[in-house]
Every structure is written in structure tokens, then in C-alpha cells.
Amino acid sequence: YGYPATLFVYTDLILPGRKTLSWSHLIQMSQEGIDIQSHTKSHRNLNKRNGPESIRDYVEVVRRELKESAEILRKRLNKEVRYLAYPYGETNPLVMGLLMKLGYRGGLTVERESNPFFIHPYRVNRSMIYGTFGLRDFESNLNCFDDRMAR
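These figures come from a predicted structure and were not determined experimentally.

Visitor: Looking at this structure, how should I read the packing of helix 2 (residues 55-77) against helix 3 (residues 93-101)?
Guide: Relative placement of two packed helices is described by the angle separating their axes and the distance separating the axes. Packing of helix 2 against helix 3 leaves a shortest axis separation of 10 Å and a crossing angle of 45 degrees. Judged on the interaxial angle alone, helix 3 and helix 2 are oblique. The element helix 2 and its partner helix 3 pack so that their crossing is right-handed. Across the interface between the two elements, Y58, V59, V62, R63 and L66 of helix 2 pack against L94, V95, L98 and L99 of helix 3. Its residues placed into classes, the contact of helix 2 with helix 3 shows 8 nonpolar, no polar and 1 charged.

Structure (C-alpha cells):
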């Protein structure tokens, strides 16, 4: 139908198999106009430390998740990666700062709300589309304008 679309992938799950996308699938999708962007390397929740992880280790792990996924996508798809969909839709000021430092242009949550012109570029809302969606589900999922704001 010619709709623009972006697919956010975490690179550890790009494997040959029936339930996952392979690199050949992603290359073909990218060549046919689907934008492929980062969802980190392992889909780890970037918003919090794991167990006894030190602050220093946490920062390094988050930096690696962001940097390595972009490098892998850049190398395999021959394209620049500029956007990240946060795993679980969660972020914090440290993660947003690392995104900026690494050259990303923005980050996306899973908050299903509109995006006014003044939205912070590293906290952009988005509507997720699931494989079980029919056209009606797709259409209603995109309709998130709150007409109370227009009054």
C-alpha cells in the first residue's frame, strides 16, 4: 500500500529460522523501503541496573547496547542508524544522554499518544503495530488524537 514504516530490531535476535527475521530478510526489506532502526543489541531494559551491577558497569553495558547494535546494522544494511525504540518503552536521562553522545537523533517510547511539535526528541511517543492486527486494528491504533485538546 505504500505506507512508510520503520522496523526496530534488536540484533541478537536476527537469526535464520521460522519465527525470526534473517539478515537476508532485513536486507530485502531495507532495499524495498522499510526503514530499519535499532531496538538495542539484546533487548535489555536500559532503564535500570541488573541486580548488584555497579553504576560504572551499568553505564558501560547501556553504551555497548546502543553502540554495538547501531554498528551491526550499519555494517550489515549499509545505512546509518539514527533512532532507537527503547526496550519496554522505558528510558531515563542517562540513556537519553548516551543516545545523544553516540549520534542518535531520537528515541521512541511505547506511549500511545500524539506528538506535539515541542515533544522531546528522545521521548517520542509511538503506536506499535502487532502481527495479529487486521486493517481495522491498524487504523484504530493510529487514531490517537485527543479532541479535548482542540477545544
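Visitor: I'm lost on the side chain of K79 in this one. Help?
Guide: Considering the arrangement of structural elements, one finds K79 in the loop between helix 2 and strand 3 (83-85). Polar contacts involving the side chain of K79 include one to the side chain of D35, which spans 2.8 Å. Here I36 takes part through its backbone oxygen, which lies 3.1 Å from a polar atom of the side chain of K79. Setting aside residues no more than four positions away along its own chain, K79 makes contact with S30, D35, I36, Q37, L73 and R74.

Visitor: What is the right way to look at helix 2 in this model?
Guide: An α-helix turns once every 3.6 residues. As a result, residues three or four positions apart point the same way. Taking 1.5 Å as the rise per residue, helix 2 with 23 residues should run 33 Å; its terminal C-alpha atoms sit 33 Å apart, in good agreement. Close packing links the buried residues of helix 2 with strand 1 (6-9), helix 1 (23-31), strand 2 (35-38), strand 3 and helix 3. Downstream of helix 2 by one or two residues, N78 has phi in the positive range, about 55 degrees.

Visitor: So what exactly am I meant to see when it comes to the packing of aromatic side chains here?
Guide: Taken as a whole, this structure holds 1 aromatic pair when the rule is applied. Taking 5.2 Å as the distance between ring centres and 85 degrees as the angle between the ring planes, the aromatic pair formed by F117 and F118 counts as edge-to-face.

Visitor: For this particular structure, what's the right way to read the pattern of salt bridges?
Guide: Charged atoms that come close allow side chains of opposite charge to pair. As enumerated under the stated definition, the model contains 8 salt bridges in all. Between K41 and D12 there is a salt bridge, with its nearest N and O atoms 2.9 Å apart. Here D12 lies in the loop between strand 1 and helix 1 and K41 lies in the loop between strand 2 and helix 2, a separation of 29 residues in the sequence. For the salt bridge of E71 with K67, the shortest nitrogen-to-oxygen distance reads 3.9 Å. Taken together, the residues E71 and K67, both in helix 2 and 4 residues apart, mark about one turn of the helix. Overall, E71 belongs to the partly exposed group, its relative accessible area being 35%. The network of salt bridges with common partners includes E60, R63 and R64.

Visitor: Hey, could you run me through helix 3 in this one?
Guide: Those residues of helix 3 not exposed but buried are V95, M96, L98 and L99. What you see down the axis of helix 3 is that its buried residues fit within an arc of 160 degrees, all on one side. The outward face of helix 3, more than 90 degrees from its buried face, is lined by the exposed residues P93 and K101. The secondary structure elements touched by the buried residues of helix 3 are helix 2, strand 3 and strand 4 (106-108). For helix 3, the side-chain oxygen to backbone nitrogen distance between the N-cap and L94 is 3.0 Å, and the N-cap itself is N92. Where helix 3 ends, the next residue or the one after it, G103, has phi of about 95 degrees, a positive value.

Visitor: Looking at this structure, I do not really get the side chain of H39. What am I missing?
Guide: Relative to the helices and strands, H39 resides in the loop between strand 2 and helix 2. H39 sits in the buried class, given a relative accessible area of 10%. A polar atom in the side chain of H39 sits 2.5 Å from the backbone oxygen of A85. Once residues within four sequence positions are removed from consideration, H39 is found in contact with F8, V9, Y10, L84, A85, Y86, P87 and R126.

Conventions adopted
- Position numbers for residues count from 1 along each chain, tracking the sequence in the order it is written.
- With the structure being a predicted model, the display of local features is reserved for residues of pLDDT at least 70 and the display and counting of side-chain atom pairs for 80 or more, all residues being used for whole-chain, interface and lining totals.
- Side-chain measures here rest on the full set of heavy atoms in the structure, leaving out hydrogens and waters.
- The axes are straight lines fitted to the C-alpha atoms, using for helices just the contacting stretch, and the angles between their N-to-C directions are given from 0 to 180°.
- The numbering of helices and of strands both runs from the N terminus, where a helix is a DSSP run of H or I of at least 4 residues and a strand a run of E of at least 2.
- Throughout, the term roughly parallel applies to angles under 35 degrees, roughly antiparallel to angles over 145, roughly perpendicular to angles from 65 to 115, and oblique to all others.
- Crossing handedness follows the turn of the near helix against the far one: under a right angle anticlockwise gives a left-handed crossing, and clockwise gives a right-handed one.
- Only heavy atoms enter the contact rule, under which two residues are in contact if any of them lie within 4.5 Å.
- In this classification, Asp, Glu, Lys and Arg are treated as charged, Ala, Val, Leu, Ile, Met, Phe, Trp, Tyr, Cys and Pro as nonpolar, and every other residue, Gly included, as polar.
- N or O atoms within 3.5 Å of each other form a polar contact, as long as, within protein, one can give a hydrogen and the other can take it, and as long as residues adjacent in sequence are counted only when both atoms are side-chain atoms.
- Take the number of residues in a helix, subtract one, and multiply by 1.5 Å to get its expected span.
- When two rings of Phe, Tyr or Trp (its six-membered ring) have centres within 6.5 Å they constitute a pair, described as stacked for plane angles under 30 degrees, edge-to-face for angles over 60, and tilted for the intermediate range.
- Note on definitions: salt bridges are taken to be side-chain nitrogens of Lys or Arg within 4 Å of carboxyl oxygens of Asp or Glu.
- Working definition: with a 1.4 Å probe on protein chains only, accessible area under 20% of the residue-type maximum means buried, over 50% means exposed, and in between means partly exposed.
- Read the arc as the range of directions from the helix axis to the C-beta atoms.

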